[in-house]
Amino acid sequence: MKNPFDLSGKVALITGASKGIGEAIARIYAASGASVVVSSRKMEAVEPVAQAIRNEGGQATAIACHMGNVTDITNLVNQSLAIYKTIDIVVNNAATNPVFGPVVNTTEDAFDKIINVNVKGPFELAKQVYPLLKEKKSGSIINISSVGGLRPEHGLGLYSVSKAALISLTKVLAKEWGDDNIRANVICPGLIKTKFSEALWSNDKIMNVMMKSLPMKRVGTPEEIAALALYLASDASAYSTGAVFTADGGFTI
Ligand SMILES: NC(=O)c1ccc[n+]([C@@H]2O[C@H](COP(=O)([O-])OP(=O)(O)OC[C@H]3O[C@@H](n4cnc5c(N)ncnc54)[C@H](OP(=O)(O)O)[C@@H]3O)[C@@H](O)[C@H]2O)c1
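We now turn to the structure provided with this report. In this text the structure is predicted, and so the values were computed from the model without any measurement.

### Topic: the overall build of the protein chain
Okay, so step 1: The helix and strand tally for the protein chain stands at eight helices and seven strands.
Okay, so step 2: Here the C-alpha radius of gyration of the protein chain, 17 Å, is about what a compact globule of 253 residues would show, namely 18 Å.
Okay, so step 3: Its C-alpha atoms give the protein chain principal-axis dimensions of roughly 50 × 40 × 40 Å.
Okay, so step 4: Of the contacts made within the protein chain by residues no fewer than 6 positions apart, 71% connect residues no fewer than 24 positions apart.
Okay, so step 5: Placing the 25 positive and 22 negative side-chain charges of the protein chain at their respective mean positions leaves the two points 3 Å apart.

### Focus on helix 2 (residues 43–55)
Okay, so step 1: Between the first and last C-alpha of helix 2 there are 18 Å, a value that for 13 residues agrees with the 18 Å anticipated at 1.5 Å per step.
Okay, so step 2: If you follow the buried residues of helix 2, they end up packed against helix 1 (20–31), strand 2 (35–40) and strand 3 (59–64).
Okay, so step 3: A positive backbone phi angle near 95° is found at Gly 57, which sits one or two residues after helix 2.

### Focus: the site of the ligand
Okay, so step 1: The immediate surroundings of the ligand are formed by 30 residues, with Ser 18, Ser 40, Asn 93, Tyr 159 and Thr 194 found nearest.
Okay, so step 2: Within the side chain of Ser 18, an N or O atom sits 2.6 Å from an oxygen atom of the ligand.
Okay, so step 3: Ile 192 is positioned such that a nitrogen or oxygen atom in its backbone is 2.8 Å from an oxygen atom of the ligand.
Okay, so step 4: Within the complex, the protein chains bury 95% of what would otherwise be the 890 Å² of accessible surface of the ligand.
Okay, so step 5: Residue assignment for the shell around the ligand shows that the elements contributing at least two residues are helix 1 and helix 5 (157–177).
Okay, so step 6: Of the residues in the shell around the ligand, the class split is 14 nonpolar, eleven polar and five charged.

Cut-off values and rules
- Residues numbered from 1 in each chain as written.
- Predicted model: local features only at pLDDT ≥ 70, side-chain atom pairs only at ≥ 80, totals over all residues.
- Heavy atoms only, no water.
- Helix = DSSP H or I, 4+ residues; strand = E, 2+ residues; numbered from the N terminus.
- Rg over C-alpha atoms; globule rule 2.2 N^0.38 Å.
- Contact = heavy atoms within 4.5 Å.
- Lys, Arg positive; Asp, Glu negative; His and termini not counted.
- Charge placed at Lys NZ, Arg CZ, Asp CG, Glu CD.
- Expected span 1.5 Å × (residues − 1).
- Near = heavy atom within 4 Å.
- Polar contact = N/O pair within 3.5 Å; in protein donor to acceptor, adjacent residues only side chain to side chain.
- Areas by Shrake-Rupley, 256 points an atom, 1.4 Å probe, with all protein chains shown as cover.
- Nonpolar A, V, L, I, M, F, W, Y, C, P; charged D, E, K, R; others polar.

In structure tokens form, the structure reads like this:
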């Protein structure tokens, strides 16, 4: 019997893959047989991840791409195609959150930055890859949102808005591209131990309050999100599209 989680022969493009959840996704995809394009803003941050994957016998290439820059996104797609000839899986994982506090204090500049990187970038990347996936009649787009996109977080107002928009974008793509056998699904992680969320998990006061109501009483790991992203990239999820998957230790119950 063929392993439904096997990604042999597939090419996966992962944004924000120099660390945290994106790196864990790149590693599990490569370990499952995919050739991976490991991308983030800084070449010096992504090349060591690609090298580590190659050292373990996997196929990986590092390409720098700022997800708020459309020219960078076009370059990411073109360079990936030049190297691997095709793309099968896109993981929109990169995100930014430059502000913390009430929305009334959020500047226009911060608003534009958050929406550009967290919503416009994933839209642009999916749109640029679409003609190729349509021709192949096959593809999987995985967007990494947040529980904040389902239930806004205090102090993370516009970040939550952007993550809600990403959930909606996923459903729109799933609806419009389902007939082409291109699937789009979204993951909403709860609190995961990465650099991005360090201000939360390193704060004992916040943790004490949070753990009182969190059913699983612990933060998650990047690998626990990556395993779900593997399911969504693979044939194991062949009939799932437009779906919203939480992996949050029960936070949203
Ligand atoms: N950690 C959590 O608790 C949590 C919870 C819910 C959702 N999420 C979501 O999970 C995703 C990954 O977060 P993480 O926790 O793994 O964060 P992380 O460890 O801080 O990693 C973020 C990654 O994104 C890259 N990046 C940042 N800005 C970028 C940009 N403009 N263009 C391209 N790449 C960019 C970073 O690399 P460079 O600096 O080299 O660009 C890095 O590779 C995000 O979408 C986040 O919203 C995280």
